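The lines below spell out each chain.
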Amino acid sequence: MVKQLTIISGKGGTGKTTISAAFAYLAKGRAVLADADVDAPDLHLIMQPTVEKEEELYISQKAVRNEDLCTRCNICQQVCRFDAISAYDFSYYKCEGCGLCVYACPERALTLEKVLSAKAFQSTTRFGPFVHAEMTIGEGSSGRIVDEIRKQAREVAEKEEKELIVIDGSPGIGCPVIASLTGVDLALIVVEPTLSGIHDLERVLAVAQHFNTKAMVCINKYDLNLENSNQIEQFCKENNIPLAGKIPFNEIVPNSIIAGKSIFEMPPNPIADELVTIWGKIVALLELEKETTATKTQYSVR
Ligand code: SF4
Ligand code: SF4
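Below or above, wherever it landed, is the structure these notes cover. Here the structure is a predicted model, which means the values were calculated and not measured.

## With respect to the packing of helix α7 (residues 195-210) against helix α8 (residues 226-238)
Okay, step 1: Packing of α7 against α8 leaves a shortest axis separation of 10 Å and a crossing angle of 15°. Of the possible angle classes, the one that applies to α7 and α8 is roughly parallel. The hand of the α7/α8 crossing is right-handed. In contact with Leu195, Ile198 and Leu201 of α7, α8 contributes Asn228, Gln231, Ile232 and Phe235.
Okay, step 2: For the contact of α7 with α8, the residue count by class is five nonpolar, two polar and no charged.

What follows is the structure, encoded as structure tokens:
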């Protein structure tokens with residue numbers, strides 16, 4: 001059975017992508033990587049994928065008017081709570097596809113039609129298979145796009161007999177986060193040592209617990225505020241949440257993203273060392289095969 005690991009955080013920019021790419025490296029070709037942060041995907045910057053398969057996803061629906069049937073009675077405007085339609089106008093981006101105007105139109109001049117919500121890609125990378133997406137501008141169905149990305153990642157994992165799916169999850173606690181979390185074997189929650197970070201951790205943890213998802217916490221840039229980091233550690237202890245590790249601040253992280261490299265493809269650095277330790281704990285908790293385990297001496301600079 002393919003195991004699934006999601007890396008999530010209460011907000012964007014906490015280091016999820018760096019960690020996801022590092023795990024893809026450490027999995028040594030035995031994992032499928034999925035970018036479920038579909039609203040702001042950036043994992044492809046490090047993965048540098050070669051697209052092998054592309055699929056258009058028609059998920060959202062929009063109202064479409066048959067102008068020949070419309071009598072300009074304006075009933076559609078009266079019922080649309082999103083201010084998307086009137087007798088003479090229609091806003092594609094405001095329409096939520098709820099279908100109320102279709103139901104209310106006395107002339108049956110309106111229908112709902114599916115629209116292109118995103119393109120999904122199955123790619124190859126130097127670390128293994130990668131499933132990702134590009135959303136259509138103004139698209140709001142990110143939760144369902146994440147569902148599709150995860151479904152495709154499972155299909156690739158089964159077909160290529162991979163042991164694990166590493167999911168770079170969406171930040172926050174909204175619909176795409178829930179879609180990133182449900183049914184996974186472990187959620188690694190990445191938190192920064194700020195007051196809002198502690199609050200974010202509590203919120204994300206509540207979502208994970210609601211879905212009975214096992215969770216571990218990783219404090220990123222922990223040395224920027226030791227007092228807050230201690231507070232997070234204390235919180236984890238009190239709530240019986242395993243602490244996967246504490247990653248120090250280091251400018252090599254933004255530099256690696258700029259260079260389009262995993263942290264393991266940069267010169268030896270303490271971030272990579274800590275990530276090897278964290279990975280070891282995840283491998284143990286998920287009971288993955290030993291071959292997936294790396295040691296600090298095993299990674300090499302490319
Ligand atoms: S409710 Fe139907 S007929 Fe009336 S303005 Fe809207 S689209 Fe036209
Ligand atoms: S489908 Fe819903 S949101 Fe779109 S125009 Fe009709 S009532 Fe408004």
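## Description of the pairing of strand β6 (residues 164-171)
Okay, step 1: Within β6, eight of the eight residues are buried, leaving the element largely enclosed by the surrounding structure.
Okay, step 2: Where strand β1 (residues 3-9) meets β6, six bridges bridge the pair, whose relative direction is parallel. Across the sheet, Ile7 pairs through a bridge with Asp168, a residue of β6.
Okay, step 3: Direction of pairing for strand β2 (residues 31-35) relative to β6: parallel, over a ladder of five bridges. Paired with Leu33 across the two strands is Val166, which belongs to β6.

## Quick notes on the site of ligand 2
Okay, step 1: Lining the immediate surroundings of ligand 2 are 13 residues, of which Cys80, Ala84, Cys95, Cys98 and Cys101 lie closest.
Okay, step 2: A per-class count over the shell around ligand 2 returns ten nonpolar, two polar and one charged.

## So, α7
Okay, step 1: The end-to-end C-alpha distance of α7 is 23 Å, a good match for the 22 Å that 16 residues give at a rise of 1.5 Å each.
Okay, step 2: Those residues of α7 that fall on the buried side of the exposure criterion are Gly197, Asp200, Leu201, Val204, Leu205, Val207 and Ala208. All buried residues of α7 fall inside an arc of 155° around its axis, so they share one side. Residues of α7 that are exposed and point more than 90 degrees away from the buried face comprise Leu195, Ala206 and His210.
Okay, step 3: For α7, the secondary structure elements touched by its buried residues are β1, α6 (175-181), β7 (186-191), β8 (215-220) and α8.
Okay, step 4: Of the residues flanking the end of α7, it is Asn212, one or two places downstream, whose phi is positive at about 55°.

Scoring rules and cut-offs
- Residues numbered from 1 in each chain as written.
- Chains lettered and ligands numbered in written order.
- Predicted model: local features only at pLDDT ≥ 70, side-chain atom pairs only at ≥ 80, totals over all residues.
- Axes fitted to C-alpha atoms, helices over the stretch in contact; angles between N-to-C directions.
- Helix = DSSP H or I, 4+ residues; strand = E, 2+ residues; numbered from the N terminus.
- Parallel < 35°, antiparallel > 145°, perpendicular 65-115°, else oblique.
- Left-handed = near helix turned anticlockwise from the far one by under 90°.
- Contact = placed C-beta atoms within 7 Å.
- Nonpolar A, V, L, I, M, F, W, Y, C, P; charged D, E, K, R; others polar.
- Buried ≥ 20, exposed ≤ 12 C-beta atoms within 10 Å, placed from the backbone.
- Pairing = 2+ DSSP bridges.
- Near = placed C-beta within 6 Å.
- Expected span 1.5 Å × (residues − 1).
- Arc of directions from axis to C-beta.

Purely geometric numbers; function is a separate question.
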